[in-house]
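Report on the structure
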Amino acid sequence: MTILKLNVLNLDKSEYKGGKSSLCPGCGHDQVSNVIIQAAWENGLPPEGIAKMSGIGCSSKTPAYFLGKSHGFNTVHGRMPSVTTGANMINKDLSFIAVSGDGDTASIGIGQFIHAIRRNIDMVYIIENNGVYGLTKGQYSATVEKGSKKKKGAINEQNPIDLCAMALNLGCSFVARSFSGSKKQLTALLRAAMSHKGMAIIDVISPCVTFANNDESYRSYNYVKENDEVLHLVDYISHFSPLEEIDIPEGQYREIELFDGSKIVLETIGSSHDTSNIVSALRAVHEAESQNKHVTGLLYYNGEMPTTTDALGLTGTPLSQLSEEEGRPTFESLNLINNRLRGL
Amino acid sequence: MKSEVNNFIINIATANGTGSQSSNLILLHSMFEMGIPVSGKNLFPSNISGLPTWFIIRASESGYQAPGDKTNIQILMNKDTWEKDIAKIEPGAIIIYNENVKLPVEREDCKIFSMPMTKMARGIAPKFAKLMANMYYVGGIAHILGIKSEDIEKSVSSQFKGKDRAIEMNMRAIREGISYAAEHWGNETTFSAERRDKDPDTYLIEGNEASALGSIYGGVNMLAWYPITPSSSVAEGIIKWLPELRTAKDGGTTCAVIQAEDELAAVGMVLGAGWAGGRGMTCTSGPGISLMSEFIGLSYFAEVPGVIWDVNRVGPSTGLPTRTQQGDLSMLYEASHGDTQHIVLIPGNVDECFEFGWRAFDYAERYQTMVFGFSDLDLGMNRWPTTGFVYPDSPMDRGKVIHTQKQLDAIENYGRYRDVDGDGIAYRTLPGSGIDPILYRGTGHDEDGIYSEEPDVYHKNMARLRKKIEGSRDVLPAPILREEEIKEVGIVFYGSMEYTITEIDDILEQSGLSVSTCRVRALPYHSDLEGFIDRHETNIVLEMNRDGQLYGILRRELPVKLLSKLHSLAYSDGMPPRARLYADKILQLLEGL
Ligand SMILES: Cc1ncc(C[n+]2csc(CCOP(=O)(O)OP(=O)(O)O)c2C)c(N)n1
Ligand code: SF4
Ligand SMILES: [Mg+2]
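Predicted, not measured: the structure shown is a model, and the values here were computed from it.

1. What about the overall build of chain B?
Looking only at helices and strands, chain B features 20 helices and 25 strands. In terms of C-alpha radius of gyration, chain B reaches 26 Å, essentially the compact-globule figure of 25 Å for 593 residues. Across its three principal axes, chain B shows a C-alpha extent of roughly 85 × 65 × 40 Å. A buried classification covers 63% of the 593 residues belonging to chain B. Relative to all contacts within chain B whose residues are 6 or more apart in sequence, the contacts with residues 24 or more apart total 75%. When the accessible surface of chain B is totalled, it reaches about 22,300 Å², and 50% of it is carbon and sulfur. Looking at chain B, you have 59 positive and 80 negative side-chain charges, and the mean spots of the two groups are 4 Å apart.

2. Digging into the site of ligand 1
Taken together, 19 residues surround ligand 1, and among them S59, D102, G103, D104 and G134 of chain A come closest. Chains contributing residues near ligand 1 are chains A and B. Between G103 of chain A and ligand 1, the recorded distance is 2.8 Å, taken from a backbone N or O atom to an oxygen atom. Expressed as a share of its isolated accessible area of 590 Å², the protein-covered part of ligand 1 is 77%. Breaking the shell around ligand 1 down by element, the ones donating at least two residues are α2 (58-61), α4 (102-106) and β5 (132-133) of chain A. With 3 residues, α4 of chain A is the single largest residue contributor to the shell around ligand 1. A breakdown of the residues in the shell around ligand 1 according to their chemical character gives 6 nonpolar, 9 polar and 4 charged.

3. So, the site of ligand 2
Lining the immediate surroundings of ligand 2 are L23, C24, C27, H29, C58, N130, C208, V209, T210 and F211 of chain A. A breakdown of the residues in the shell around ligand 2 according to their chemical character gives 7 nonpolar, 3 polar and no charged.

4. Side note on the coordination of the magnesium ion (ligand 3)
Residue and element names in this part refer to chain A. Within the protein, the atoms that donate to the magnesium ion (ligand 3) are D102 (OD), N130 (OD1) and V132 (O), at distances of 2.0 to 2.1 Å. The sequence pattern describing where the donors of the magnesium ion (ligand 3) fall on their chain is D-x27-N-x1-V. Take N130 and V132: they sit in the same class, and that class is buried.

5. Brief notes about the domain arrangement of chain B
Put simply, an interface is often sized by how much accessible area is lost when its parts join up. All names here are of chain B. Parsing chain B into structural domains produces domain 1 (4-192), domain 2 (205-386), domain 3 (401-470) and domain 4 (480-592). Between the C-alpha centres of domain 2 and domain 4 the distance comes to 27 Å. Contacts between domain 2 and domain 4 engage 29 residues on the former and 25 residues on the latter. A buried area of about 2,200 Å², summed over both sides, lies between domain 2 and domain 4, and 53% of it is on carbon and sulfur atoms. The largest share of the area that domain 2 buries against domain 4 comes from Q326, Y333 and I346, three residues that together contribute 30% of it. Inspection of the region where domain 2 meets domain 4 yields 3 salt bridges. The partner of E352 in a salt bridge is R519, and the shortest N-O contact between them spans 2.7 Å. Our count for the contact surface shared by domain 2 and domain 4 stands at 16 residue pairs in polar contact (both at pLDDT 80 or more).

6. Notes on the interface of chain A and chain B
On the side of chain B, 68 residues touch chain A, which itself brings 51 residues to the contact. Summing both partners gives a buried area of about 4,900 Å² for chain A against chain B, and 64% of it is carried by carbon and sulfur. Looking at the side of chain A facing chain B, the largest losses of area belong to H71, R328 and R342 of chain A, adding up to 16% of the total buried there. Applying the counting criterion to the chain A and chain B interface returns 4 salt bridges. In this structure, R340 of chain A engages E244 of chain B in a salt bridge whose closest nitrogen and oxygen atoms are separated by 2.6 Å.

7. Some points on the side chain of N539 of chain B
Residues and elements named next belong to chain B. Checked against the element boundaries, N539 lands in strand β24 (residues 538-543). A polar contact is formed between the side chain of N539 and the backbone oxygen of H536, at a distance of 3.5 Å. The residues contacting N539, other than those within four sequence positions of it, are G490, F532, I533, K565, L566 and H567.

8. Here we look at the domain arrangement of chain A
All names here are of chain A. The domain boundaries assigned to chain A delineate domain 1 (22-310) and domain 2 (317-342). At the junction of the two partners, domain 1 supplies 5 residues and domain 2 supplies 4 residues. Roughly 350 Å² of surface becomes buried between domain 1 and domain 2 when both sides are summed, with 56% attributable to carbon and sulfur atoms. Inspection of the region where domain 1 meets domain 2 yields 0 salt bridges.

9. A closer look at the confidence of the model for chain B
Residues and elements named next belong to chain B. For chain B, mean pLDDT is 96; residues scoring 70 or higher make up 100% of the total. Mean pLDDT values for the elements of chain B range from 93 in strand β3 (residues 38-43) up to 99 in strand β14 (residues 343-345). Under the prediction, the complex receives an ipTM of 0.95, its pTM being 0.95.

10. Structural notes on the pattern of salt bridges
Residues and elements named next belong to chain B. Within the structure shown, the criterion is met by 53 salt bridges over all chains. Ionic pairing is found between D378 and K41, a salt bridge with its closest N-O pair at 2.7 Å. Placement of D378 in helix α13 (residues 377-381) and of K41 in strand β3 is noted, with a sequence separation of 337 residues between them. Residue classification places K41 among the buried positions, given a relative accessible area of 3%. D419 is paired through a salt bridge with K467; the nearest N and O atoms lie 3.1 Å apart. Taken together, the residues span a long stretch of sequence, with D419 in the loop between α14 (405-410) and β18 (428-429) and K467 in helix α15 (residues 455-470) at a distance of 48 residues. Three or more residues joined by partner-sharing salt bridges are found here, namely E334, E470, R473, R556 and E557.

11. Brief notes about the sheet that holds strand β11 (residues 293-301) of chain A
Here we have 10 strands laid out as an open sheet, ordered β9(A)-β10(A)-β11(A)-β7(A)-β8(A)-β4(A)-β3(A)-β1(A)-β2(A)-β19(B), and mixed in their pairing. A single partner strand is all that each edge strand has here, and the edge strands are β9 (253-257) of chain A together with β19 (439-441) of chain B. Across the sheet, the mean angle separating the axes of adjacent strands is 20° when strand polarity is ignored. Note: strand β4 (residues 123-129) of chain A against strand β8 (residues 199-205) of chain A, 7 bridges, orientation parallel. Within β8 of chain A, the residue paired with I126 of chain A across the bridge is I202 of chain A. On the sheet, helix α9 (residues 278-290) of chain A packs against β7 (174-179), β10 (263-268) and β11 of chain A and is oriented at approximately 170° with respect to β11 of chain A.

12. As for unusual backbone geometry
Backbone torsion omega between T229 of chain B and P230 of chain B reads 5°, so that peptide bond is classified as cis. In this structure, the amide linkage connecting G315 of chain B to the following residue, P316 of chain B, adopts the cis form with an omega of 0°. Considering the arrangement of structural elements, one finds P316 of chain B in the loop between β13 (306-312) and α11 (329-333). Not every positive phi belongs to a glycine, and K137 of chain A is a case in point at roughly 80°. Assignment of secondary structure puts K137 of chain A in the loop between β5 and β6 (139-140). Under the relative-accessibility criterion, K137 of chain A is labelled exposed at 52%.

Basis of the calculations
- Residues numbered from 1 in each chain as written.
- Chains lettered and ligands numbered in written order.
- Predicted model: local features only at pLDDT ≥ 70, side-chain atom pairs only at ≥ 80, totals over all residues.
- Heavy atoms only, no water.
- Helix = DSSP H or I, 4+ residues; strand = E, 2+ residues; numbered from the N terminus.
- Rg over C-alpha atoms; globule rule 2.2 N^0.38 Å.
- Buried < 20%, exposed > 50% of the residue type's maximum accessible area, 1.4 Å probe, protein only.
- Contact = heavy atoms within 4.5 Å.
- Areas by Shrake-Rupley, 256 points an atom, 1.4 Å probe, with all protein chains shown as cover.
- Lys, Arg positive; Asp, Glu negative; His and termini not counted.
- Charge placed at Lys NZ, Arg CZ, Asp CG, Glu CD.
- Near = heavy atom within 4 Å.
- Polar contact = N/O pair within 3.5 Å; in protein donor to acceptor, adjacent residues only side chain to side chain.
- Nonpolar A, V, L, I, M, F, W, Y, C, P; charged D, E, K, R; others polar.
- Donors = N, O, S within 2.8 Å, 3.2 Å for Na, K, Ca; no water.
- Domains from an automatic or database assignment.
- Buried area = accessible area lost by both parts, 1.4 Å probe.
- Salt bridge = Lys/Arg side-chain N within 4 Å of Asp/Glu carboxyl O.
- pLDDT = per-residue confidence, 0-100.
- Pairing = 2+ DSSP bridges.
- Axes fitted to C-alpha atoms, helices over the stretch in contact; angles between N-to-C directions.

As structure tokens, this is what we get:
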């Protein structure tokens, strides 16, 4: 006998699922999709009240793979924030869940990212950060560590952009970092982000199976590539299984080996961290960075900041639901204006 | 000598940022209120202070609105353009200059009058003498034309609304100017301004403010914009009128306004608004359209409504930012990569700026696509007469939107992109409704909106999109035809050229030609245009750009048998069209045929 587990809306988790993923097997992004499904279900969000937003990239394709009962918009590269902003103005009651990549956000879309934060748009903004442009086959992104080297390319000599530090500096009302393999932590963070009113940013380290940062360690992959020219790319994508699930207790850290053999160190921010203190959040990010670690968890949170729809003083009804009378001024009003302009 | 009544052209040369705009508008409005048919044109530089500015006022009993080819009264205030301005004046003209500039005016063939404008202004407002000096030429011109100070008072009051002290000081300056001229210049009667019966309904307004009001009556729900000359005043007009016109019962606004970080974002917000079921718009000029192109393509392909007002300035690139042109037409019609085609509404006067302002949203939602309003600096930033805007004559057209499951179930074989009605327009559902949710995308999609790279699916979808926009041809505003009995020459034109066409037409007819005109008001063009071209022996497409952009579009789309009758006259130098110049070029072209 199977036991059906339902959420507060009496919905089964399957109501939150999407289409079949076409990403490389083992891609971190698929893990994030599963967590989105889990968190939305656990939070009891009505699927019809959610709007899924994304830009362009492997990461931005994922809205097709979760929340199939929600409308979505897979927009253009780097400019999902503006589309979300416009939709938010018209229907402030929608719950916006947006997915972007590090190329989509930290390069082409950095301007829109910054300004969406400044406006405190009411949305969850997930960056599936893999240090590369997955969809265009592995070029470095602007979040890749300095010193990263590709076999055929130059060493990356540029400093990375830390999207959390940047968001903190811009006064973002909710800033968190996590890892695609940290299902428990990511679910908790996403659930919190979904309940937050305002811009909630979660920078999720989400490794790319196929084009990880360091080509050198990608031995088998390159071997195949160099020895068999006629092979099409999809033919030699290794079938990794997703990274194991990890759960690092607060204040502790652990080394994790990625698909390409490289290692990252994740540290969960301690329970003593004051999430209302931007300065200590920034210190935590920069201290971890100086020790070649990534600090994860909820870094900063402020639930009091007005959103753009608050600040603009919009009428109570979402603008998409206004009647014609509410949208078009009266016949008399135009007569009045004509006469005023006539100087009468 | 008998004086020339209500037929003269005044050219006022000043520097930007010296406050001359108030004086110029006071002059223009005073004559307008006297019932004299006048038009004003501001030729301003792309800077805030110091560069040369010319304001041209033309009074014409025939109602001609173009700046005219010849100056009758020249005001000299700007030392930087002094010599050039003097060199341009034709013999016989009247010159009025500010003595305190201390530069010579040596033109024996003209009537020259001077006034110590700055010095006199110092007597009234020592600190603002430079600004106030401009009021003295108002006085000087009033004397020359025989305008009384009482006729000016009303315009001064409305220019400095509520600021009693400013009204008093400026009026004093104007009166002093009139007295000084009367005392020192003697009786000058070459030109005079005479009161006429003014239609009490008529008033002057800028095209941009008309578009702004039209958009508000069209129910705009979101305006996202990034400042750029000459379009900013569309946004500023909307912002100005919203509180009065669009405050809901609960005190909140029914239109969100966002000053975006750039045009990429502004148009993105428009798409977001349209996708969510609202009426979103932006306004910009050529450089902004260039940036917006990718999103415009997304609007076309994913079928998301939106409105963009393009107030054309001179391109390419930054070009001449404060000069006018019709240089964006072909870009708008086909903006973005791949095969696209967009609806372009082309107002030719301020009444149509208002009308197309509200209609644009109806077309955008009906055809689920981006609709352009195409204006230009000349129409948008100068003041033109209207007898009053006309209230929308039809309820809003919100297009094929499904709001309930029942509506959806009533449609056989529904799919977001399936042509169930045979008109190319599919039904859509809105986010938040929970009805048939799909992921909108700019990637290839089938009739249900699912990703697809199938050759047939792509081909069929593109064919449907063409059919959809083609279907708008005879729904969009039809051309305005003014046809002669004898169908000799037909002039096909569009946009702000409307204000010059009568004068061009009159000049051409003086040379014995029979000239009909056809003003195109939208793209894709209406089928009436084909009939017009067919009926006329020779047709000339007249436009303000270098390449003949409408001509190019017509060459591609008109039936081949009409092409031999079609010729292009395209000319652009950044200036508003001067009738004589265009008429001469048309005559030349006809001679060469
Ligand atoms: C205007 C534009 N330029 C370039 C591209 C090509 N492009 C597609 S995805 C992509 C990078 C995506 O990288 P990221 O956002 O990190 O997503 P990932 O695939 O790594 O998840 C690029 C450059 C595009 N689609 N549009
Ligand atoms: S290329 Fe990388 S990011 Fe893209 S689907 Fe494959 S593993 Fe994921
Ligand atoms: Mg990436």
